[in-house]
Structures are given as C-alpha cells and as structure tokens.
Amino acid sequence: MKTARPLRLGPRSVAALLLVSLVGLIGIGWPLFADRTAAVTNHAADAPWLFALLLPLLIAVVVATIADCGMDAKAVAMLGVLAAVGAALRPLGAGTAGLEPMFFLMVLSGRVLGPGFGFVLGAVTMFASALLTGGVGPWMPTQMLAMGWFAMGAGLLPGPKGVPPARAEPRAWGRLRGRAELLMLSAYGFVAAFAYGTVTNLYGWVTVGGIGQAISFVPGDPVHENLVRFLAYVLATSLGWDLGRAALTVVLTLTVGGTLLRALRRATRRANFEAQVTFEAPEEASPSEAPHRTYVTYEAK
C-alpha cells in the first residue's frame, strides 16, 4: 500500500521560500527601521511593488518544487481545487468575530502536502478569496504572505522523533496519526492564527493615525519602543478577532480534521506525486516493431 507524504523540500525549494520570505519581511517591516523623514505614512503606496515582486517569487517556488521533486499537473490541479475551496470558505465567516473556516483547511493541506506546496496554496487562496469578496487593496500582498507562512508552518511540523514530514521517510512519516496528530495541528492552528493576525496588523498599524499616543506608531523611534506600542495596539484592537479565528480553527480541526486528513492523503496517494518515469526498451522486439518504441514504467517512491 502506498503511503501519502508531502512534496519534499529540495535545495531549490528552500532557496525560493527563503527569498520570498525575506522579501516579504522587508516589505512589511521596513517602516520600523525608517527615520522620521521617511514617507512611512504612505506605506500603502509600496503595496503594488510588493505584489509585483510576490507573484514571480510564487511562480519561482512552484518551479523550484517541480525541479526538486517532480510536481506535475496533478499536483497543480489539486492546488487549484484546494485554493478554490479555501476561497469559497472565507466569505462564510468574514466579518463575524473573526470566524474564518478557511484557516483549518490551510493547516490540514499544509500538513499533508508539505511546506512548499502549502506556502503557494495559502498565498493563492488569499488572492482568490480577495477577488471573490472584493477585498483587493494595499493590504492584500501582506495577507497573501501571512497565509502562505501559516500553511507552510503546518508542513514543517515534526513527524515521529521530531523529523519534519517533508524530510521523513514515507513509512516513518506515516506513523504519527490519530488524536495525537490532531492535537498537534490544533495547537499549531491556535498559535498561528494569532501570528497571522499580528503580521497583518503590523502592516496597517504604521498607516493608522489618531488612535492614541500610547498605541500609535512613531516614525524614527527605537524599534523596541514601537514594538511595545504595537503590542498594546494588538491587544486593544484585534485580540478578540484573533481569538475567534483561533478557536474556530481548533474546533474544526478536532471535529472534522481527521476525516479531511484521510481524504487529502487518499487523493495524494491516487495522484501519486513524485512518481518517477523511466523508459525501457522491450526485451524482445518483433521484426515489425519500430526500434525506437519504449515502455513507460512508474516507480513510486
């Protein structure tokens, strides 16, 4: 019986993910290090540039994954299906105390399909949902990056003996199942939901004015002082929203997570990702058979 495992991270995939993450962190956090004369109040103006950088880097992650482990059209098709489902889930709870059911799907998808696939899935899902809900704006690149990191982190969670699933052997990776795995995913989803809110809040915080000196961003102030104000801002404005998101992620993961994990793993096995194609000439060719004819065999890793 074939064992489902995530698409592995190769050197090209790691380099692409590090590059897009570095660009994202710089694009989101540069105002903290800017001086008082910088146009930090126009932080929204850099959104098109960040988006222009993000799209080719996402393509680079996909290309690197294809080069490292042979991700094929079936994996890309699954990416499209999961992104469509995630985009359809977002409007079901958006605007209601932070209840967003798409987050638990990103956790489970990242766990099953790996960090590289998860990052692209998270970013593409957020982009599609923004188009669906009319949520396109200067905040969208930040949301895409944050959701990509959210799903990628699930793919980096440890398997047996602390080995990340993307690097574990198929048999070893398959041992961590059942309630223990769901509890781990729930705990991750709870913490990561707050991390997602923190990242997206950081982008908007530097552009919001008139919210009180104790929680406002002050250009040119030391980084640690601004971070203290930012923490106060998060606690005062979005803690309840993030808590609703985290709680719903935990509830959905514990209740329907097991069923969805099995479905995703079954689909991965049937798609047979990372199958290696070899060409073998026939041992005994008939006189009428073309000499260049070959047989194709698939060897699943």
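Refer to the structure printed above.
All values reported here derive from a predicted model rather than from experimental measurement.

Points about the nonpolar core
And then number 1: Counting residues in each nonpolar core, the largest one holds 59 residues, and the members touching the most others are Leu82, Phe117, Phe119, Leu145, Met147, Phe150 and Trp205.
And then number 2: A per-element tally of this core places helix α6 (residues 140–155) first, with 10 residues.
And then number 3: Those residues within four positions of Leu82 in sequence are excluded, and the remaining contacts are Leu105, Ser109, Leu113, Phe117, Leu121, Thr125 and Leu264.

Concerning the packing of helix α4 (residues 102–113) against helix α8 (residues 178–205)
Two measures define how a pair of helices packs: the angle their axes make with one another and the distance between the axes.
And then number 1: Contact geometry of α4 with α8 gives a least axis separation of 10 Å together with a crossing angle of 125 degrees. By the criterion of interaxial angle, the relationship of α4 to α8 is oblique. Between α4 and α8 the crossing geometry is right-handed. Of α8, the residues touching α4 (which contributes Phe103, Val107, Leu108 and Arg111) are Glu181, Met184, Leu185, Tyr188, Gly189 and Tyr196.
And then number 2: Here the residues of the contact of α4 with α8 are counted per class, giving 7 nonpolar, 1 polar and 2 charged.

Side note on the side chain of Ser109
And then number 1: When you line up the elements, Ser109 lands in helix α4.
And then number 2: If near-sequence neighbours (up to four positions away) are discounted, Ser109 is found in contact with Leu82, Gly114, Leu121 and Leu264.

Details of the packing of α6 against α8
And then number 1: At a minimum axis separation of 9 Å, α6 and α8 run at an interaxial angle of 160 degrees. Taken as axis vectors, α6 and α8 run roughly antiparallel relative to one another. Judged by the twist between their axes, the crossing of α6 over α8 is right-handed. Within the contact between the two elements, α6 uses Thr142, Gln143, Ala146, Met147, Trp149, Phe150, Gly153 and Ala154 and α8 uses Tyr188, Gly189, Ala192, Ala193, Tyr196, Val199, Thr200 and Tyr203.
And then number 2: Taken together, the residues that form the contact of α6 with α8 break down as 11 nonpolar, 5 polar and no charged.

Let's talk about the packing of aromatic side chains
And then number 1: Within the structure shown, the criterion is met by 8 aromatic pairs.
And then number 2: Look at Phe150 and Tyr188: their rings are 6.0 Å apart centre to centre, the planes differ by 45 degrees, and that puts the pair in the tilted class. Of the two residues, Phe150 is situated in helix α6 and Tyr188 in helix α8; the sequence distance between them amounts to 38 residues.
And then number 3: Among the residues examined, Phe150 registers a relative accessible area of 3% and is labelled buried.
And then number 4: On the basis of relative accessibility, which here comes to 17%, the residue Tyr188 falls in the buried class.
And then number 5: Judged by centre distance (6.5 Å) and plane angle (40 degrees), the rings of Trp205 and Tyr233 are tilted. Taken together, the residues Trp205 in helix α8 and Tyr233 in helix α9 (residues 223–237) connect sequence positions 28 residues apart.
And then number 6: Classification of Tyr233 by relative accessible area gives buried; the value is 10%.
And then number 7: Aromatic ring contacts, followed pair by pair, group Phe103, Phe150, Tyr188 and Tyr196 into a single cluster.

A look at the layout of surface pockets
And then number 1: Empty space within the largest pocket amounts to approximately 350 Å³.
And then number 2: Lining the largest pocket are 20 residues, with Gln143, Thr200, Asn201, Trp241 and Arg245 sitting closest to its centre.
And then number 3: In terms of residue count, the dominant contributor to the lining of the largest pocket is α8 (7 residues).
And then number 4: Here the lining of the largest pocket is composed, by residue class, of 7 nonpolar, 9 polar and 4 charged.

Quick notes on the rules
Residues numbered from 1 in each chain as written. Predicted model: local features only at pLDDT ≥ 70, side-chain atom pairs only at ≥ 80, totals over all residues. Heavy atoms only, no water. Core = buried A, V, L, I, M, F, W, Y, C linked by side-chain atoms within 4.5 Å. Buried < 20%, exposed > 50% of the residue type's maximum accessible area, 1.4 Å probe, protein only. Helix = DSSP H or I, 4+ residues; strand = E, 2+ residues; numbered from the N terminus. Contact = heavy atoms within 4.5 Å. Axes fitted to C-alpha atoms, helices over the stretch in contact; angles between N-to-C directions. Parallel < 35°, antiparallel > 145°, perpendicular 65-115°, else oblique. Left-handed = near helix turned anticlockwise from the far one by under 90°. Nonpolar A, V, L, I, M, F, W, Y, C, P; charged D, E, K, R; others polar. Phe/Tyr/Trp six-rings, centres within 6.5 Å; stacked < 30°, edge-to-face > 60°. 1 Å grid on protein atoms, 1.4 Å probe; cavity = no way out; pocket = protein on both sides within 12 Å on 5 of 7 lines; lining within 4 Å. Points joined across faces, edges and corners; volume = space filled by probe spheres on them.

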